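The residues making up each chain are set out below.
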Amino acid sequence: MRKIDIFDTTLRDGEQSAGINLNTAEKIEIAKQLERLGVSIIEAGFPASSPGDFDAVNRIAGTVKNSIVTGLARCVQKDIDTTWEALKVAEQPHIHVFLATSPIHMEYKLKKTPDQVLEQAVEAVKYAKKFFGLVQWSAEDAFRSDREFLVRIIEKVIAAGATTINVPDTVGYASPQEYGELFKYLRENVRGADNVKFSAHCHDDLGMATINSISAIQNGADQVECTINGIGERAGNAALEEIGVALHIRNDIYQVETGLNLKEIKRTSQLVSRLTGVVIQPNKAVVGKNAFAHESGIHQDGVLKNPETYEIISPALIGEGEVPLVLGKHSGRAAFRDRAFKMGYDLSDEKLNKAFQEFKKLADRKKEITEEDLVTLLTETQVSVEDIPLFELKSVQVSYGTENIPTATASVVTPDGELKTLASTGNGSVEAIFNTLEQLVDGPVSIQDYRVKSVGKGRDALGEAVVNILYNGLTTTGRDASQDVLEATAEAYLNAINRHLIRQSIQPKQPIL
Ligand code: KIV
Ligand code: ZN
């Protein structure tokens, strides 16, 4: 069967979405999970855009061994040098260089003639080839480019050494027929086309990213670029889980294989949602909360008689099933370590001890600890940053009554080690908490978004809070899960402030794309 490479760009194009800012530890966690999922290529970031991106790409390249790790670069030597520095530790160094080819991008954004663009692309690919065995070149806004020019430039970059040609629909404008035809046309008209891989990269502005990617596959694409949960610029990128499952379920038509371990889909989707703070819409295909829920009586009756009456995908296919009870109050450290290891968490002794203490505290308050609880707890410990002094919540108390003014009091250890006790009122309990904690920093903190949801089911389920703040011109998302939603809210707010401090201590991302 024809093999289609899955190129995951959650950590690059996905991370470019508004409000997402992952730290290095979180990116490594996601990369390790993508490796378990079996993606062929992980685009780990844009090394020249910031020291933070450089560090993350470099550390992922040193960690991930079963997927190829790549980094994005503009067609300029400085970017290519930086990308090489970040990726030279990788098993199979791969670079992704891009340059826009559509008339509108060349004239207004690049202010270059087509010939100048062609020369720059060829020089960049030749230069990248000195370091990298695998060089992917992207014609940004390829779909809106002149076809003859596209053929001319692609032939030249292939001759210069490109091993993959990416043909993005950068603005999500293509229809499935048109996008497929473009691949067919390029396959038939580009000299040297048989010596390279062709890649599809679709955005979802018209809701057609998944079908456009599949249409490209049917017309000669060997690789598709996508993100978990479809996150990405504007309306997002093609969703990996939709493409992977559609190709599997309708293998009778598509006849391709991806090498994905579909059982890891649910866990990957949840990890990305938790760490990015981007919620998955309940009716989202494949990974939405309701994707397998049958509400109407007729449907429920049918499914009880034979699940295939209304279910074309079995929940087990994507790793969603009955969540087993994994550990309880009396479980010891060895059982905890063993379970964490089986779930794919390779924690240092120090982090394992910390996670075990949190687990014991939770077990005292909650009768049944589910796998979902453990994933939350272990992921939080895994990605916690320990070497920078930050704010730490010692206690929070809220007084609320329908006839009283809500008041919050909090004790917090500051980054200088001082214990501060603060109090404030608000129109509601949550606002009282925000007003109290805002006194820790200089200047106003504006709340852009605030959400609370339960982790798993039942009245004793953990509550997860996500707070998105705008402070000193930067938007930052904080999150926390706790048995009490007000405690989770206070922790999530402080988490956002702490992440802001960490981001300010490293140079911010350059707005390049
Ligand atoms: O959408 C796009 O064109 C991109 C390129 C950088 C490949 O993301
Ligand atoms: Zn893109």
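As named in an unreviewed UniProt entry, the protein is 2-isopropylmalate synthase, taken from Lysinibacillus composti. Under Pathway (unreviewed entry), UniProt gives the following word-for-word description of the protein: "Amino-acid biosynthesis; L-leucine biosynthesis; L-leucine from 3-methyl-2-oxobutanoate: step 1/4." Under the UniProt heading Catalytic activity (unreviewed entry), the entry covering the protein gives this text: "3-methyl-2-oxobutanoate + acetyl-CoA + H2O = (2S)-2-isopropylmalate + CoA + H(+)".

Student: What am I meant to see in the site of ligand 1 here?
Tutor: Near ligand 1 the following residues occur: Arg-12, Asp-13, His-96, Phe-98, Ser-138, Glu-140, Asn-166, Pro-168, Thr-170, His-201 and His-203. A distance of 3.1 Å separates an oxygen atom of ligand 1 from a polar atom in the side chain of Asp-13. One nitrogen or oxygen atom from the side chain of His-201 is found 3.1 Å from an oxygen atom belonging to ligand 1. Within the complex, 96% of the 260 Å² of free accessible area of ligand 1 lies under protein. Mapped by element, the contributors of at least two residues to the shell around ligand 1 are helix 1 (10-14), strand 5 (94-100), strand 6 (134-140) and strand 7 (164-169). Looking at the shell around ligand 1 residue by residue, the class counts come to two nonpolar, six polar and three charged.

Student: Quick question: what am I supposed to make of the coordination of the zinc ion (ligand 2) here?
Tutor: Around a metal, the idealised angle for a tetrahedral arrangement of four donor atoms is 109.5 degrees; for an octahedral arrangement of six donor atoms it is 90 or 180 degrees. Only Asp-13 (OD), His-201 (NE2) and His-203 (NE2) from the protein coordinate the zinc ion (ligand 2), and they sit 2.0 to 2.1 Å from it. When the donor residues of the zinc ion (ligand 2) are listed from N- to C-terminus, their spacing reads D-x187-H-x1-H. Of the two residues, Asp-13 is situated in helix 1 and His-201 in strand 8 (residues 197-202); the sequence distance between them amounts to 188 residues. Each member of the pair, Asp-13 as well as His-201, is classed as buried.

Student: Help me out: how do you make sense of the state of the cysteines in this one?
Tutor: Formally, a disulfide is one covalent bond, and it connects the sulfur atom of one cysteine to the sulfur atom of another. If you walk through the whole model with that rule in mind, you get zero disulfides. Cys-226 takes part in no disulfide bond, and the closest cysteine sulfur to it belongs to Cys-202, at a distance of 9.7 Å. Of the residues examined, Cys-226 reaches a relative accessible area of 0% and is grouped as buried.

Student: Sorry, what's going on with the pairing of strand 7 here?
Tutor: Within a regular beta strand, the side chains point alternately toward one face of the sheet and then the other, so they alternate between its two faces. Of all the six residues making up strand 7, six are buried; the element is thus mostly covered by neighbouring parts of the structure. As paired elements, strand 6 and strand 7 share three bridges and run parallel to each other. The partner of Ser-138 across the bridge, within strand 7, is Asn-166. Traced from strand 6 through helix 7 (residues 147-159) to strand 7, the parallel crossover comes out right-handed. Where strand 7 and strand 8 come together, six bridges link them in parallel fashion. When the sheet's bridge partners are listed, Val-167 is paired in strand 8 with Ala-200. Between the parallel elements strand 7 and strand 8, the chain passes through helix 8 (residues 176-189) in a crossover that is right-handed.

Student: What's the story with the UniProt feature "binding site: Mn(2+)" (unreviewed entry) in the protein in this structure? I'm lost.
Tutor: The positions that UniProt labels "binding site: Mn(2+)" (unreviewed entry) are, in the present scheme, Asp-13, His-201, His-203 and Asn-237. Across 225 residues in sequence, these annotated residues keep their C-alpha atoms within 10.4 Å of one another, forming a single compact spot. Positionally, His-203 belongs in the loop between strand 8 and helix 9 (209-218). Non-local contacts of His-203, meaning those with residues more than four positions away in its chain, are made with Asp-13, Asp-169, Thr-170, Gly-172, Ala-209, Glu-233, Arg-234, Gly-236 and Asn-237. With respect to the secondary-structure elements, Asn-237 resides in the loop between strand 9 (223-226) and helix 10 (240-249). Asn-237 sits in the buried class, given a relative accessible area of 2%. Other than its neighbours up to four places away in sequence, Asn-237 contacts Thr-9, Asp-13, His-201, Cys-202, His-203, Asp-204, Ala-209, Thr-227, Gly-230, Ile-231 and Gly-232.

Student: Looking at this structure, I do not really get the pairing of strand 8. What am I missing?
Tutor: Most of strand 8 sits inside the fold, with five of its six residues counted as buried. For strand 8 and strand 9, the ladder comprises three bridges, and the chain directions are parallel. For His-201, the partnering residue across the bridge sits in strand 9 and is Glu-225.

About the thresholds
- Residues numbered from 1 in each chain as written.
- Chains lettered and ligands numbered in written order.
- Predicted model: local features only at pLDDT ≥ 70, side-chain atom pairs only at ≥ 80, totals over all residues.
- Heavy atoms only, no water.
- UniProt positions renumbered as here; feature names shortened; annotations may be inferred.
- Near = heavy atom within 4 Å.
- Polar contact = N/O pair within 3.5 Å; in protein donor to acceptor, adjacent residues only side chain to side chain.
- Areas by Shrake-Rupley, 256 points an atom, 1.4 Å probe, with all protein chains shown as cover.
- Helix = DSSP H or I, 4+ residues; strand = E, 2+ residues; numbered from the N terminus.
- Nonpolar A, V, L, I, M, F, W, Y, C, P; charged D, E, K, R; others polar.
- Donors = N, O, S within 2.8 Å, 3.2 Å for Na, K, Ca; no water.
- Buried < 20%, exposed > 50% of the residue type's maximum accessible area, 1.4 Å probe, protein only.
- Disulfide = S-S within 2.5 Å.
- Pairing = 2+ DSSP bridges.
- Right-handed = clockwise from strand over helix to strand, strands pointing away.
- Contact = heavy atoms within 4.5 Å.

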